[in-house]
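# Topology and contacts: notes
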Amino acid sequence: MENTLVIYNSLTRKKETFTSIHPKHVGLYVCGPTVYGDPHLGHARPAITFDLLFRYLEHLGYKVRYVRNITDVGHLEADADDGEDKIAKKARLEKLEPMEVVQYYSDRYHEFMDALNVKKPSIEPRASGHIIEQLQLVKDILDKGYAYECNGSVYFDVEKYNKEHHYGKLSGRNIDDLLSTTRDLDGQSEKKKSYDFALWKKAAPEHIMRWPSPYSEGFPGWHLECSAMSAKYLGEEFDIHGGGMDLLFPHHECEIAQSTVANGHAPAHYWMHNNMITINGQKMGKSLGNFITLEEFFTGSNDLLEKAYSPMTIRFFILQAQYRSTVDFSNEALQAAEKGFTRLMEGMNNLEKVKPGDNSSFDVAAFKAKCYAALNDDLNSPILIAQLFDGVKQINNMIAGTANLTEEDLTAFKTLMRSMVEDILALKNEAASSAGQNELLGNVIDLMLQLRMDAKKNKDWATADRIRDELQNMGLIIKDTKDGFEWEIK
Ligand code: ZN
(Lines give C-alpha, C1' and ligand atoms only; values in the text may rest on other atoms or scores of the structure.)
Protein backbone atom coordinates (compact mmCIF):
# COMPACT_ATOMS: atom_id res chain seq x y z
CA MET A 1 0.00 0.00 0.00
CA GLU A 2 1.29 3.47 -0.90
CA ASN A 3 1.22 5.72 2.13
CA THR A 4 1.08 9.47 1.68
CA LEU A 5 1.64 11.17 4.99
CA VAL A 6 0.08 14.60 5.21
CA ILE A 7 1.15 16.88 8.05
CA TYR A 8 0.11 20.34 9.12
CA ASN A 9 3.05 22.66 8.61
CA SER A 10 2.95 25.53 11.13
CA LEU A 11 5.23 27.54 8.83
CA THR A 12 2.79 27.64 5.90
CA ARG A 13 -0.31 27.08 8.08
CA LYS A 14 -1.40 24.39 5.63
CA LYS A 15 -1.63 20.63 5.51
CA GLU A 16 1.14 19.42 3.20
CA THR A 17 2.21 16.06 1.81
CA PHE A 18 5.37 15.08 3.61
CA THR A 19 8.38 14.72 1.31
CA SER A 20 11.74 14.07 2.92
CA ILE A 21 14.97 15.64 1.67
CA HIS A 22 16.53 12.19 1.31
CA PRO A 23 14.13 9.51 0.05
CA LYS A 24 14.91 7.06 2.85
CA HIS A 25 16.05 9.23 5.76
CA VAL A 26 14.29 11.76 7.96
CA GLY A 27 15.93 14.33 10.23
CA LEU A 28 13.68 15.24 13.16
CA TYR A 29 14.52 17.83 15.81
CA VAL A 30 12.29 18.38 18.83
CA CYS A 31 12.87 20.87 21.64
CA GLY A 32 13.25 18.85 24.81
CA PRO A 33 12.86 19.76 28.47
CA THR A 34 14.58 22.41 30.56
CA VAL A 35 15.59 20.16 33.44
CA TYR A 36 14.88 22.06 36.65
CA GLY A 37 11.73 20.38 37.99
CA ASP A 38 9.89 17.09 38.20
CA PRO A 39 8.32 15.89 34.92
CA HIS A 40 4.66 16.79 34.56
CA LEU A 41 1.88 16.55 32.00
CA GLY A 42 3.38 19.39 29.99
CA HIS A 43 6.38 17.11 29.37
CA ALA A 44 4.27 14.07 28.51
CA ARG A 45 2.35 15.58 25.61
CA PRO A 46 5.19 16.66 23.29
CA ALA A 47 7.13 13.49 24.16
CA ILE A 48 4.17 11.27 23.21
CA THR A 49 3.22 13.36 20.15
CA PHE A 50 6.68 13.14 18.62
CA ASP A 51 7.07 9.53 19.75
CA LEU A 52 4.02 8.76 17.59
CA LEU A 53 5.57 10.62 14.66
CA PHE A 54 8.96 8.91 15.20
CA ARG A 55 7.38 5.45 15.37
CA TYR A 56 5.11 6.04 12.38
CA LEU A 57 7.94 7.35 10.18
CA GLU A 58 9.97 4.26 11.09
CA HIS A 59 6.95 2.08 10.37
CA LEU A 60 6.76 3.68 6.89
CA GLY A 61 10.33 2.54 6.31
CA TYR A 62 12.30 5.74 6.96
CA LYS A 63 15.54 5.69 8.88
CA VAL A 64 14.89 8.51 11.35
CA ARG A 65 17.54 10.50 13.17
CA TYR A 66 15.59 11.94 16.06
CA VAL A 67 17.40 14.65 18.02
CA ARG A 68 15.77 15.90 21.23
CA ASN A 69 17.86 18.28 23.30
CA ILE A 70 18.15 18.87 27.01
CA THR A 71 18.27 22.52 28.02
CA ASP A 72 20.63 22.84 30.93
CA VAL A 73 21.81 26.43 30.59
CA GLY A 74 20.57 29.80 29.40
CA HIS A 75 16.83 29.38 29.93
CA LEU A 76 16.04 32.36 32.14
CA GLU A 77 13.01 32.97 34.31
CA ALA A 78 9.95 34.20 32.39
CA ASP A 79 11.60 33.03 29.12
CA ALA A 80 13.16 36.50 28.92
CA ASP A 81 16.62 37.98 28.35
CA ASP A 82 16.97 39.09 31.94
CA GLY A 83 16.46 37.21 35.15
CA GLU A 84 17.91 34.22 36.89
CA ASP A 85 18.75 30.99 35.06
CA LYS A 86 16.01 28.45 35.90
CA ILE A 87 18.55 25.75 36.73
CA ALA A 88 20.84 28.04 38.73
CA LYS A 89 17.83 29.22 40.75
CA LYS A 90 16.84 25.66 41.63
CA ALA A 91 20.47 24.89 42.53
CA ARG A 92 20.62 27.96 44.81
CA LEU A 93 17.36 27.04 46.56
CA GLU A 94 18.41 23.40 47.04
CA LYS A 95 22.08 24.19 47.78
CA LEU A 96 23.25 21.97 44.92
CA GLU A 97 25.63 22.30 42.01
CA PRO A 98 23.66 23.27 38.88
CA MET A 99 24.85 20.05 37.20
CA GLU A 100 23.45 18.02 40.13
CA VAL A 101 20.07 19.57 39.39
CA VAL A 102 20.51 18.78 35.69
CA GLN A 103 21.53 15.16 36.33
CA TYR A 104 18.74 14.52 38.82
CA TYR A 105 15.93 15.92 36.68
CA SER A 106 17.28 14.42 33.45
CA ASP A 107 17.24 11.01 35.16
CA ARG A 108 13.70 11.64 36.43
CA TYR A 109 12.61 12.71 32.94
CA HIS A 110 14.03 9.53 31.40
CA GLU A 111 12.46 7.34 34.07
CA PHE A 112 8.98 8.78 33.42
CA MET A 113 9.35 8.76 29.64
CA ASP A 114 10.25 5.05 29.87
CA ALA A 115 7.10 4.47 31.94
CA LEU A 116 5.07 6.21 29.22
CA ASN A 117 6.72 3.89 26.65
CA VAL A 118 8.32 6.85 24.84
CA LYS A 119 11.20 5.62 22.69
CA LYS A 120 14.58 7.19 23.33
CA PRO A 121 15.68 9.70 20.69
CA SER A 122 18.71 8.89 18.52
CA ILE A 123 20.74 11.74 20.01
CA GLU A 124 20.01 13.74 23.16
CA PRO A 125 22.48 16.64 23.22
CA ARG A 126 22.85 19.05 26.13
CA ALA A 127 23.21 22.79 25.63
CA SER A 128 26.11 23.02 28.11
CA GLY A 129 28.04 20.47 26.03
CA HIS A 130 27.79 22.65 22.91
CA ILE A 131 29.12 26.04 24.03
CA ILE A 132 31.82 26.03 21.34
CA GLU A 133 29.27 25.44 18.57
CA GLN A 134 27.05 28.18 19.99
CA LEU A 135 29.94 30.67 20.19
CA GLN A 136 30.80 29.86 16.57
CA LEU A 137 27.22 30.72 15.63
CA VAL A 138 27.40 34.03 17.56
CA LYS A 139 30.57 34.92 15.66
CA ASP A 140 29.00 33.95 12.36
CA ILE A 141 25.92 36.12 12.96
CA LEU A 142 28.11 39.05 14.14
CA ASP A 143 30.37 38.69 11.09
CA LYS A 144 27.36 38.79 8.80
CA GLY A 145 26.23 42.00 10.48
CA TYR A 146 22.99 40.82 12.08
CA ALA A 147 24.04 41.20 15.69
CA TYR A 148 25.64 43.85 17.88
CA GLU A 149 27.74 43.79 20.98
CA CYS A 150 26.89 45.82 24.05
CA ASN A 151 28.67 45.67 27.44
CA GLY A 152 29.90 42.13 26.84
CA SER A 153 26.53 40.81 25.65
CA VAL A 154 25.58 40.13 22.03
CA TYR A 155 22.06 40.76 20.70
CA PHE A 156 20.38 39.75 17.47
CA ASP A 157 19.38 42.77 15.36
CA VAL A 158 15.73 41.96 14.58
CA GLU A 159 15.10 45.20 12.67
CA LYS A 160 17.94 44.59 10.25
CA TYR A 161 16.90 40.96 9.73
CA ASN A 162 13.32 42.00 9.13
CA LYS A 163 14.34 44.27 6.24
CA GLU A 164 15.15 41.19 4.13
CA HIS A 165 13.24 38.44 5.88
CA HIS A 166 9.99 38.37 7.74
CA TYR A 167 10.66 38.13 11.47
CA GLY A 168 7.39 36.65 12.70
CA LYS A 169 6.56 34.45 9.71
CA LEU A 170 6.14 31.36 11.87
CA SER A 171 4.00 32.97 14.54
CA GLY A 172 2.12 35.23 12.13
CA ARG A 173 3.34 38.46 13.73
CA ASN A 174 5.07 41.54 12.42
CA ILE A 175 7.60 43.67 14.22
CA ASP A 176 5.32 46.69 14.60
CA ASP A 177 2.95 44.56 16.71
CA LEU A 178 5.94 43.28 18.63
CA LEU A 179 7.07 46.76 19.61
CA SER A 180 3.78 47.36 21.35
CA THR A 181 3.67 43.95 23.04
CA THR A 182 7.31 43.68 24.18
CA ARG A 183 8.46 46.42 26.46
CA ASP A 184 11.38 47.12 28.71
CA LEU A 185 10.25 46.58 32.24
CA ASP A 186 12.55 49.25 33.61
CA GLY A 187 13.33 51.16 30.42
CA GLN A 188 17.04 50.57 31.04
CA SER A 189 17.67 47.70 28.67
CA GLU A 190 20.94 47.84 26.79
CA LYS A 191 19.21 46.40 23.71
CA LYS A 192 18.53 48.73 20.77
CA LYS A 193 14.96 47.51 20.46
CA SER A 194 12.86 45.59 22.93
CA TYR A 195 12.29 42.74 20.46
CA ASP A 196 16.02 42.09 19.95
CA PHE A 197 17.09 38.91 21.70
CA ALA A 198 20.29 37.76 23.38
CA LEU A 199 22.76 35.48 21.62
CA TRP A 200 25.32 35.79 24.41
CA LYS A 201 24.85 37.28 27.86
CA LYS A 202 27.58 38.64 30.11
CA ALA A 203 27.27 36.85 33.45
CA ALA A 204 26.51 38.92 36.53
CA PRO A 205 29.03 38.31 39.38
CA GLU A 206 26.64 35.93 41.19
CA HIS A 207 25.87 33.90 38.04
CA ILE A 208 27.41 30.42 38.47
CA MET A 209 27.20 28.91 34.98
CA ARG A 210 29.68 30.86 32.84
CA TRP A 211 32.12 30.29 30.04
CA PRO A 212 34.90 32.45 28.53
CA SER A 213 34.21 34.12 25.19
CA PRO A 214 35.63 37.00 23.13
CA TYR A 215 32.77 39.20 24.42
CA SER A 216 32.69 38.42 28.13
CA GLU A 217 32.59 35.58 30.58
CA GLY A 218 28.98 34.60 30.16
CA PHE A 219 26.49 32.14 28.78
CA PRO A 220 24.48 31.59 25.57
CA GLY A 221 20.96 32.89 24.97
CA TRP A 222 18.29 30.20 25.23
CA HIS A 223 17.32 30.16 21.52
CA LEU A 224 20.86 29.62 20.30
CA GLU A 225 21.34 26.02 21.43
CA CYS A 226 18.67 24.55 19.13
CA SER A 227 20.06 26.33 16.05
CA ALA A 228 23.59 25.13 16.89
CA MET A 229 22.70 21.55 17.80
CA SER A 230 20.19 20.91 15.00
CA ALA A 231 22.78 22.07 12.44
CA LYS A 232 25.50 19.95 14.05
CA TYR A 233 23.53 16.70 14.08
CA LEU A 234 21.02 17.09 11.23
CA GLY A 235 22.70 19.56 8.91
CA GLU A 236 21.84 23.12 7.96
CA GLU A 237 18.67 21.92 6.27
CA PHE A 238 16.59 19.11 7.71
CA ASP A 239 13.06 17.74 7.51
CA ILE A 240 10.97 18.35 10.61
CA HIS A 241 11.28 20.60 13.65
CA GLY A 242 8.81 20.05 16.45
CA GLY A 243 7.87 21.24 19.90
CA GLY A 244 5.05 22.55 22.02
CA MET A 245 2.93 25.44 20.78
CA ASP A 246 4.28 27.54 23.66
CA LEU A 247 7.68 27.46 21.94
CA LEU A 248 6.42 28.86 18.65
CA PHE A 249 7.17 32.38 19.78
CA PRO A 250 9.73 33.58 20.60
CA HIS A 251 11.86 30.40 20.72
CA HIS A 252 11.23 28.94 17.26
CA GLU A 253 10.88 32.33 15.59
CA CYS A 254 14.34 33.22 16.92
CA GLU A 255 15.76 29.88 15.81
CA ILE A 256 14.56 30.53 12.25
CA ALA A 257 16.13 34.01 12.27
CA GLN A 258 19.48 32.75 13.63
CA SER A 259 19.72 29.83 11.21
CA THR A 260 18.57 31.91 8.24
CA VAL A 261 21.36 34.44 8.84
CA ALA A 262 23.97 31.72 9.40
CA ASN A 263 23.01 29.43 6.49
CA GLY A 264 21.05 31.63 4.11
CA HIS A 265 17.84 29.64 4.50
CA ALA A 266 15.41 28.40 7.16
CA PRO A 267 16.56 25.25 8.98
CA ALA A 268 13.54 22.91 8.74
CA HIS A 269 11.03 22.25 5.95
CA TYR A 270 8.16 21.34 8.27
CA TRP A 271 7.35 22.77 11.69
CA MET A 272 4.99 20.79 13.90
CA HIS A 273 3.55 21.98 17.20
CA ASN A 274 1.51 20.08 19.73
CA ASN A 275 -1.22 21.96 21.56
CA MET A 276 -1.30 22.52 25.31
CA ILE A 277 -2.87 20.68 28.22
CA THR A 278 -5.37 22.25 30.56
CA ILE A 279 -6.56 20.93 33.92
CA ASN A 280 -10.29 21.23 34.57
CA GLY A 281 -10.41 23.90 31.89
CA GLN A 282 -7.56 25.97 33.33
CA LYS A 283 -4.01 26.45 32.17
CA MET A 284 -1.69 24.34 34.30
CA GLY A 285 0.68 26.34 36.45
CA LYS A 286 2.40 26.26 39.82
CA SER A 287 0.88 29.61 40.77
CA LEU A 288 -2.63 28.36 39.95
CA GLY A 289 -2.30 25.45 42.39
CA ASN A 290 -3.29 22.89 39.74
CA PHE A 291 0.15 21.60 38.94
CA ILE A 292 0.25 17.78 38.81
CA THR A 293 3.50 15.88 38.29
CA LEU A 294 3.63 12.54 36.51
CA GLU A 295 4.63 10.83 39.74
CA GLU A 296 1.49 12.21 41.38
CA PHE A 297 -0.61 10.87 38.51
CA PHE A 298 0.98 7.43 38.78
CA THR A 299 0.59 7.27 42.58
CA GLY A 300 -2.60 9.32 43.01
CA SER A 301 -0.87 11.53 45.60
CA ASN A 302 -2.42 14.89 44.73
CA ASP A 303 -5.63 16.32 46.17
CA LEU A 304 -6.93 17.03 42.67
CA LEU A 305 -6.82 13.31 41.82
CA GLU A 306 -9.50 10.84 42.93
CA LYS A 307 -7.15 7.91 42.31
CA ALA A 308 -3.90 6.89 40.66
CA TYR A 309 -3.76 6.67 36.86
CA SER A 310 -1.31 4.32 35.21
CA PRO A 311 1.25 5.49 32.65
CA MET A 312 -0.63 3.71 29.85
CA THR A 313 -3.89 5.42 30.87
CA ILE A 314 -2.11 8.76 30.56
CA ARG A 315 -0.62 7.77 27.19
CA PHE A 316 -3.96 6.55 25.88
CA PHE A 317 -5.68 9.69 27.13
CA ILE A 318 -3.20 11.96 25.33
CA LEU A 319 -3.53 9.90 22.12
CA GLN A 320 -7.31 10.19 22.28
CA ALA A 321 -6.89 13.79 21.11
CA GLN A 322 -5.30 14.85 17.85
CA TYR A 323 -2.02 16.57 18.78
CA ARG A 324 -3.13 20.00 17.50
CA SER A 325 -6.23 20.15 19.71
CA THR A 326 -6.18 21.00 23.40
CA VAL A 327 -6.51 18.28 25.99
CA ASP A 328 -8.35 18.90 29.23
CA PHE A 329 -7.51 16.67 32.15
CA SER A 330 -10.23 15.85 34.66
CA ASN A 331 -10.86 12.78 36.81
CA GLU A 332 -13.97 12.02 34.78
CA ALA A 333 -12.12 12.14 31.46
CA LEU A 334 -9.24 10.05 32.82
CA GLN A 335 -11.56 7.40 34.18
CA ALA A 336 -13.33 7.23 30.82
CA ALA A 337 -9.90 6.83 29.17
CA GLU A 338 -8.99 4.09 31.63
CA LYS A 339 -12.15 2.17 30.70
CA GLY A 340 -11.48 2.60 27.00
CA PHE A 341 -7.88 1.49 27.37
CA THR A 342 -8.93 -1.61 29.34
CA ARG A 343 -11.50 -2.48 26.66
CA LEU A 344 -8.83 -2.17 23.95
CA MET A 345 -6.40 -4.38 25.92
CA GLU A 346 -9.12 -6.98 26.52
CA GLY A 347 -9.77 -6.97 22.78
CA MET A 348 -6.05 -7.54 22.12
CA ASN A 349 -6.03 -10.46 24.60
CA ASN A 350 -9.10 -11.96 22.94
CA LEU A 351 -7.45 -11.61 19.55
CA GLU A 352 -5.08 -14.43 20.56
CA LYS A 353 -8.05 -16.76 21.06
CA VAL A 354 -9.72 -16.15 17.69
CA LYS A 355 -9.78 -19.21 15.38
CA PRO A 356 -10.03 -18.95 11.59
CA GLY A 357 -13.29 -19.75 9.80
CA ASP A 358 -14.27 -20.96 6.29
CA ASN A 359 -15.00 -17.52 4.93
CA SER A 360 -14.57 -13.85 5.81
CA SER A 361 -17.51 -11.79 7.05
CA PHE A 362 -15.71 -8.44 6.88
CA ASP A 363 -13.16 -6.72 4.66
CA VAL A 364 -9.72 -6.60 6.32
CA ALA A 365 -8.15 -4.61 3.48
CA ALA A 366 -10.80 -1.88 3.83
CA PHE A 367 -10.26 -1.82 7.60
CA LYS A 368 -6.50 -1.53 7.09
CA ALA A 369 -6.97 1.35 4.64
CA LYS A 370 -9.06 3.24 7.21
CA CYS A 371 -6.38 2.82 9.91
CA TYR A 372 -3.64 4.17 7.62
CA ALA A 373 -5.89 6.96 6.34
CA ALA A 374 -6.25 8.19 9.94
CA LEU A 375 -2.49 8.18 10.55
CA ASN A 376 -1.73 9.74 7.19
CA ASP A 377 -4.12 12.60 7.94
CA ASP A 378 -1.77 14.55 10.24
CA LEU A 379 -1.48 11.70 12.77
CA ASN A 380 -5.16 11.61 13.57
CA SER A 381 -4.85 9.26 16.54
CA PRO A 382 -8.47 9.68 17.81
CA ILE A 383 -9.83 8.48 14.44
CA LEU A 384 -7.36 5.60 14.49
CA ILE A 385 -8.47 4.65 18.02
CA ALA A 386 -12.13 4.73 16.89
CA GLN A 387 -11.18 2.33 14.06
CA LEU A 388 -9.38 0.06 16.51
CA PHE A 389 -12.53 -0.12 18.64
CA ASP A 390 -14.36 -1.29 15.50
CA GLY A 391 -11.65 -3.94 15.28
CA VAL A 392 -12.32 -4.92 18.91
CA LYS A 393 -16.02 -5.26 18.08
CA GLN A 394 -15.12 -7.66 15.27
CA ILE A 395 -12.84 -9.64 17.61
CA ASN A 396 -15.65 -10.03 20.13
CA ASN A 397 -18.07 -11.03 17.35
CA MET A 398 -15.61 -13.64 16.11
CA ILE A 399 -15.34 -15.09 19.62
CA ALA A 400 -19.14 -15.09 19.89
CA GLY A 401 -19.31 -16.82 16.49
CA THR A 402 -21.21 -14.02 14.72
CA ALA A 403 -18.23 -12.97 12.56
CA ASN A 404 -15.30 -14.84 11.04
CA LEU A 405 -12.17 -14.56 8.91
CA THR A 406 -10.34 -17.08 6.79
CA GLU A 407 -6.90 -18.09 8.00
CA GLU A 408 -5.19 -15.70 5.59
CA ASP A 409 -7.44 -12.76 6.48
CA LEU A 410 -7.14 -13.48 10.19
CA THR A 411 -3.34 -13.41 9.98
CA ALA A 412 -3.47 -10.06 8.17
CA PHE A 413 -5.97 -8.71 10.72
CA LYS A 414 -3.85 -9.82 13.70
CA THR A 415 -0.69 -8.30 12.21
CA LEU A 416 -2.49 -5.04 11.55
CA MET A 417 -4.06 -4.77 15.03
CA ARG A 418 -0.74 -5.54 16.71
CA SER A 419 1.28 -3.08 14.66
CA MET A 420 -1.26 -0.28 15.21
CA VAL A 421 -1.72 -0.84 18.95
CA GLU A 422 1.70 -2.08 20.04
CA ASP A 423 4.19 -0.59 17.57
CA ILE A 424 2.65 2.71 16.49
CA LEU A 425 0.43 3.84 19.39
CA ALA A 426 2.84 1.89 21.65
CA LEU A 427 0.18 0.85 24.15
CA LYS A 428 1.00 -2.17 26.26
CA ASN A 429 -0.91 -4.32 28.65
CA GLU A 430 0.35 -3.20 32.06
CA ALA A 431 -1.54 -5.81 34.07
CA ALA A 432 -0.06 -8.62 32.00
CA SER A 433 3.50 -7.33 32.26
CA SER A 434 3.43 -6.81 36.04
CA ALA A 435 1.75 -10.19 36.59
CA GLY A 436 4.40 -11.73 34.33
CA GLN A 437 7.19 -10.08 36.31
CA ASN A 438 5.73 -11.27 39.63
CA GLU A 439 5.54 -14.81 38.31
CA LEU A 440 9.14 -14.65 37.13
CA LEU A 441 10.31 -13.28 40.49
CA GLY A 442 8.43 -16.06 42.32
CA ASN A 443 10.08 -18.70 40.16
CA VAL A 444 13.54 -17.24 40.81
CA ILE A 445 12.97 -17.27 44.60
CA ASP A 446 11.71 -20.85 44.45
CA LEU A 447 14.83 -21.83 42.56
CA MET A 448 17.12 -20.16 45.14
CA LEU A 449 15.38 -21.95 47.99
CA GLN A 450 15.55 -25.28 46.14
CA LEU A 451 19.32 -24.75 45.83
CA ARG A 452 19.44 -24.09 49.60
CA MET A 453 17.65 -27.39 50.25
CA ASP A 454 20.17 -29.17 48.04
CA ALA A 455 23.03 -27.51 49.94
CA LYS A 456 21.56 -28.69 53.26
CA LYS A 457 21.24 -32.22 51.93
CA ASN A 458 24.93 -32.09 51.01
CA LYS A 459 25.71 -30.72 54.48
CA ASP A 460 27.04 -27.54 52.84
CA TRP A 461 25.81 -25.41 55.76
CA ALA A 462 27.81 -22.33 54.72
CA THR A 463 26.04 -22.08 51.34
CA ALA A 464 22.63 -22.85 52.85
CA ASP A 465 23.02 -20.12 55.47
CA ARG A 466 24.32 -17.63 52.95
CA ILE A 467 21.31 -18.10 50.66
CA ARG A 468 18.93 -17.71 53.61
CA ASP A 469 20.72 -14.63 55.02
CA GLU A 470 20.98 -12.84 51.68
CA LEU A 471 17.34 -13.47 50.80
CA GLN A 472 16.36 -12.20 54.26
CA ASN A 473 18.47 -9.08 53.70
CA MET A 474 16.46 -8.48 50.52
CA GLY A 475 13.30 -8.47 52.63
CA LEU A 476 12.02 -12.06 52.33
CA ILE A 477 10.65 -14.04 55.24
CA ILE A 478 11.64 -17.70 54.88
CA LYS A 479 10.17 -20.51 56.97
CA ASP A 480 11.37 -24.08 56.92
CA THR A 481 8.46 -26.52 56.95
CA LYS A 482 8.42 -30.30 57.14
CA ASP A 483 7.77 -30.55 53.37
CA GLY A 484 10.37 -27.97 52.37
CA PHE A 485 9.95 -24.20 52.72
CA GLU A 486 7.58 -21.26 52.58
CA TRP A 487 8.42 -17.66 51.82
CA GLU A 488 6.75 -14.30 51.69
CA ILE A 489 7.80 -10.75 50.96
CA LYS A 490 7.90 -8.63 54.13
ZN1 ZN B 1 14.51 24.55 21.11
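Residues numbered from 1 in each chain as written. Predicted model: local features only at pLDDT ≥ 70, side-chain atom pairs only at ≥ 80, totals over all residues. Heavy atoms only, no water.

## Focus on the sheet that holds strand 13 (residues 327-329)
Hydrogen bonding along the main chain pairs the strands of a sheet, whether they run parallel or antiparallel. An order of 12-11-13 is seen for the 3 strands of this open sheet, with the pairing classed as mixed. In this open sheet, the two strands that pair with only one neighbour each are strand 12 (282-283) and strand 13. Two elements, strand 11 (residues 277-279) and strand 13, share 3 bridges in a ladder whose sense is parallel. Bridge pairing in strand 13 places Ile 277 opposite Val 327. Packing of helix 10 (residues 311-319) onto the sheet brings it into contact with strand 11 and strand 13, and relative to strand 13 it is tilted by some 145°. (Pairing = 2+ DSSP bridges. Helix = DSSP H or I, 4+ residues; strand = E, 2+ residues; numbered from the N terminus. Contact = heavy atoms within 4.5 Å. Axes fitted to C-alpha atoms, helices over the stretch in contact; angles between N-to-C directions.)

## Remarks on helix 4 (residues 131-143)
Along its 13 residues, helix 4 runs 18 Å from first to last C-alpha, staying within 8% of the 18 Å computed at 1.5 Å per residue. Taken together, the buried positions of helix 4 are occupied by Ile 131, Gln 134, Leu 135, Leu 137, Val 138 and Ile 141. For helix 4, the angular spread of buried residues about the axis comes to 155°, placing them on one side. Opposite the buried face of helix 4, at more than 90 degrees from it, the exposed residues are Ile 132, Gln 136 and Asp 143. Against strand 5 (147-150), strand 6 (153-156), strand 7 (197-202), strand 8 (218-220), helix 7 (224-234) and helix 8 (248-263) lie the buried residues of helix 4. One or two positions beyond helix 4, positive phi appears at Gly 145, with a value near 85°. (Expected span 1.5 Å × (residues − 1). Buried < 20%, exposed > 50% of the residue type's maximum accessible area, 1.4 Å probe, protein only. Arc of directions from axis to C-beta.)

## Points about the packing of helix 2 (residues 86-94) against helix 3 (residues 98-115)
When two helices pack together, their arrangement is given by the angle between their axes and by how far apart the axes lie. As a packed pair, helix 2 and helix 3 sit with axes 8 Å apart at the nearest point and diverge in direction by 105°. Overall, the two elements helix 2 and helix 3 adopt an arrangement that is roughly perpendicular. Across the interface between the two elements, Ile 87, Lys 90 and Ala 91 of helix 2 pack against Pro 98, Val 101, Val 102 and Tyr 105 of helix 3. A breakdown of the residues in the contact of helix 2 with helix 3 according to their chemical character gives 6 nonpolar, no polar and 1 charged. (Parallel < 35°, antiparallel > 145°, perpendicular 65-115°, else oblique. Nonpolar A, V, L, I, M, F, W, Y, C, P; charged D, E, K, R; others polar.)

## What to know about the pattern of salt bridges
All chains considered together, the criterion is met by 26 salt bridges. Two residues, Lys 144 and Asp 140, come together in a salt bridge whose shortest N-O distance is 3.3 Å. With a relative accessible area of 38%, Lys 144 lands in the partly exposed category. When its relative accessible area of 24% is taken as the criterion, Asp 140 is described as partly exposed. Of the charged contacts in the structure, one is a salt bridge between Asp 469 and Arg 468, with a shortest N-O distance of 3.2 Å. Residue Asp 469 is classed as partly exposed on the basis of its relative accessible area of 35%. Given the relative accessible area of 27%, Arg 468 is considered partly exposed. Here the salt bridges share partners, and the residues they tie into one network are Asp 38, Arg 108, Glu 111 and Glu 295. (Salt bridge = Lys/Arg side-chain N within 4 Å of Asp/Glu carboxyl O.)

## Comments concerning helix 14 (residues 407-424)
Relative to the 26 Å expected for 18 residues at 1.5 Å per residue, helix 14 spans 24 Å between its end C-alpha atoms, a close match to the ideal helical length. Taken residue by residue, helix 14 has Leu 410, Phe 413, Lys 414, Leu 416, Met 417, Ser 419, Met 420, Val 421 and Ile 424 as its buried positions. Packing partners of the buried residues in helix 14 comprise helix 1 (41-59), helix 10, helix 11 (331-351), helix 12 (364-376) and helix 13 (381-400). In the stretch just after helix 14, Ala 426 is the one whose phi turns positive, near 55°.

## Quick word on the nonpolar core
Ranked by size, the top nonpolar core spans 80 residues in total, and within it Ile 240, Phe 297, Ile 314, Phe 329, Phe 413 and Leu 427 carry the most contacts. If one sorts the elements of this core by residue count, helix 1 sits on top with 10 residues. Counting the residues that make up this core, at least three belong to each of domain 1 (8-274) and domain 2 (282-424). Ranked by size, the runner-up nonpolar core spans 42 residues in total, among them Leu 137, Trp 222, Met 229 and Ala 268. (Core = buried A, V, L, I, M, F, W, Y, C linked by side-chain atoms within 4.5 Å. Domains from an automatic or database assignment.)

## Some points on the domain arrangement of the protein
Interface size is often expressed as the accessible area that is lost when the parts come together. Each assigned domain of the protein is listed with its residue range as follows: domain 1 (8-274), domain 2 (282-424) and domain 3 (431-489). Placing the centre of domain 2 and that of domain 3 at their C-alpha centroids yields a distance of 40 Å.

## Structural notes on the sheet that holds strand 5
Taken in spatial order, the 4 strands make up an open sheet running 5-6-7-8, and their pairing is antiparallel. Since the sheet does not close on itself, it has two edges, and those belong to strand 5 and strand 8, each with one partner. With strand direction ignored, the average angle separating the axes of adjacent strands in the sheet is 20°. When strand 6 meets strand 7, the two strands line up antiparallel, connected through 3 bridges. Note on strand 7: the bridge partner recorded for Phe 156 is Phe 197.

## Quick notes on the pairing of strand 15 (residues 484-489)
With 6 bridges connecting them, strand 14 (residues 476-481) and strand 15 associate as antiparallel partners. Bridge pairing in strand 15 places Leu 476 opposite Ile 489. The hairpin turn running from strand 14 into strand 15, its antiparallel successor, is 2 residues long.

## Some words on the pairing of strand 4 (residues 63-68)
Note that strand 3 (residues 25-30) and strand 4 share 6 bridges and pair parallel. By the bridge assignment for strand 4, Val 30 is matched with Arg 68. Read as a crossover between parallel neighbours, the route from strand 3 over helix 1 to strand 4 is right-handed. (Right-handed = clockwise from strand over helix to strand, strands pointing away.)

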